[in-house]
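# Coordinates in review
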Amino acid sequence: MPMRITISDGPRTRLGWIALAGSVEDDEPVMPRTLRIIDDYVVSLVLSGEGQYRDEERPAVPITASTLTVVPPEWPHRYSTPPGRSWTEWFVVAGGPLLDLLARQGLLGVPGPRPLAWPSGGDDLALILGQAPRTAVDAERQLIALADWLTTASARRQPMEDPWEQAADRLAADLAGRVDLAELADAVGTSYDGFRRGFRRRFGAAPLAYRNARRLESAAALLRLTDLPLHGIAERLGFTDEFYLSRQFRRRYGMPPRDYRREQHGQSG
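Bear in mind the structure is a predicted one, so any value in this text is a computation, not a measurement.

Analysis parameters
Residues numbered from 1 in each chain as written. Predicted model: local features only at pLDDT ≥ 70, side-chain atom pairs only at ≥ 80, totals over all residues. Heavy atoms only, no water. Helix = DSSP H or I, 4+ residues; strand = E, 2+ residues; numbered from the N terminus. Rg over C-alpha atoms; globule rule 2.2 N^0.38 Å. Buried < 20%, exposed > 50% of the residue type's maximum accessible area, 1.4 Å probe, protein only. Areas by Shrake-Rupley, 256 points an atom, 1.4 Å probe, with all protein chains shown as cover. Lys, Arg positive; Asp, Glu negative; His and termini not counted. Charge placed at Lys NZ, Arg CZ, Asp CG, Glu CD. Axes fitted to C-alpha atoms, helices over the stretch in contact; angles between N-to-C directions. Parallel < 35°, antiparallel > 145°, perpendicular 65-115°, else oblique. Contact = heavy atoms within 4.5 Å. Nonpolar A, V, L, I, M, F, W, Y, C, P; charged D, E, K, R; others polar.

Attention now moves to the overall build of the protein chain. Counting secondary structure elements, the protein chain contains 10 helices and 9 strands. In terms of overall size, the protein chain behaves like a compact globule, its C-alpha atoms giving a radius of gyration of 19 Å where 269 residues would be expected to give roughly 18 Å. The principal-axis extent of the C-alpha atoms belonging to the protein chain is close to 55 × 50 × 30 Å. Residue burial in the protein chain is summarised as follows: out of 269 residues, 47% are buried. For the protein chain, the accessible area works out to roughly 14,000 Å², and carbon and sulfur atoms hold 49% of it. Positive and negative charge centroids in the protein chain, built from 34 and 35 side chains respectively, lie 5 Å apart.

Next up on the list: the packing of helix H7 (residues 207-225) against helix H9 (residues 242-253). How two helices pack is summed up by the angle between their axes together with the distance between the axes. Two numbers describe how H7 lies on H9: the axes approach to 10 Å, and their chain directions differ by 95°. When the axis of H7 is compared with that of H9, the two are roughly perpendicular. Contacts from Asn212, Ala213, Leu216, Glu217, Ala219, Ala220 and Leu223 of H7 reach H9 at Leu245, Gln248, Phe249, Arg252 and Tyr253. The class makeup of the residues in the contact of H7 with H9 is 8 nonpolar, 2 polar and 2 charged.

Attention now moves to helix H4 (residues 163-173). Residues Trp164, Glu165, Ala167, Ala168, Asp169 and Leu171 constitute the buried set of H4. Turning to H4, the residues buried within the fold contact strand E9 (112-115), helix H5 (181-188), helix H6 (192-203) and H7.

With that out of the way, let us pick up unusual backbone geometry. Backbone geometry places Asp26, a non-glycine residue, at a positive phi of 50°. Relative to the helices and strands, Asp26 resides in strand E2 (residues 17-27). For Asp26, a relative accessible area of 55% puts it in the exposed group. Unlike most non-glycine residues, Glu74 shows phi in positive territory, near 60°. On the secondary structure map, Glu74 appears in the loop between strand E6 (67-71) and strand E7 (77-80).

Below is the structure:
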């Protein structure tokens with residue numbers, strides 16, 4: 001059986017949900033020709049074969065065996081094999097607060113493929129996703145197992161050889177700390193101005209704008225999922241004060257943080 005669906009429209013729980021999971025066995029993945037946008041996180045582990053990944057910021061990134069690809073919600077992307085070629089993969093589409101937490105902690109990395117140095121990773125993922133949950137409790141346990149697998153995968157990823165990816169990870173890692181752009185430019189092997197231009201071409205935003213976007217995404221998540229006061233969120237994410245955070249948040253999300261939190265809590269209730 002080339003393609004097998006093991007989970008479809010799983011129960012929605014307080015921790016999140018698995019909308020779709022399954023495997024492709026020595027076959028072409030079913031993908032649209034254009035970039036697709038999915039509301040949830042997409043996780044793909046390619047076990048054999050090869051293909052490529054692309055999104056709006058990167059035209060083509062190779063995917064080979066033992067490559068883990070993680071794509072955040074609403075991120076236009078596409079991954080596929082060359083025409084007539086096949087691969088073997090496990091895939092899962094999932095969402096919710098637990099995966100949002102991993103993303104905020106930087107455990108999911110920047111969008112796209114990463115080599116995975118973990119020989120048994122495919123077997124472990126197959127055990128987690130191989131059977132649909134019978135109850136909501138089963139679904140939560142399955143989601144926790146998936147989160148644990150992703151955390152372990154993050155710890156066992158092969159070191160990135162791409163210095164631009166390393167720079168993006170450092171910008172998104174400690175959002176309250178200070179980052180020296182000149183130091184990042186040296187690590188990439190370019191001048192300060194060359195780093196700013198190259199980063200914008202690669203990731204679609206200047207380095208500080210990219211970092212600020214990660215801050216605002218984390219602020220939105222903290223507003224949705226915690227009762228932290230705005231000044232506490234600002235302090236944790238490196239904003240000057242809650243007033244500056246409020247102005248930046250309104251510009252990004254079209255409403256002040258207090259209204260956003262009220263709206264999100266109303267939807268979850």
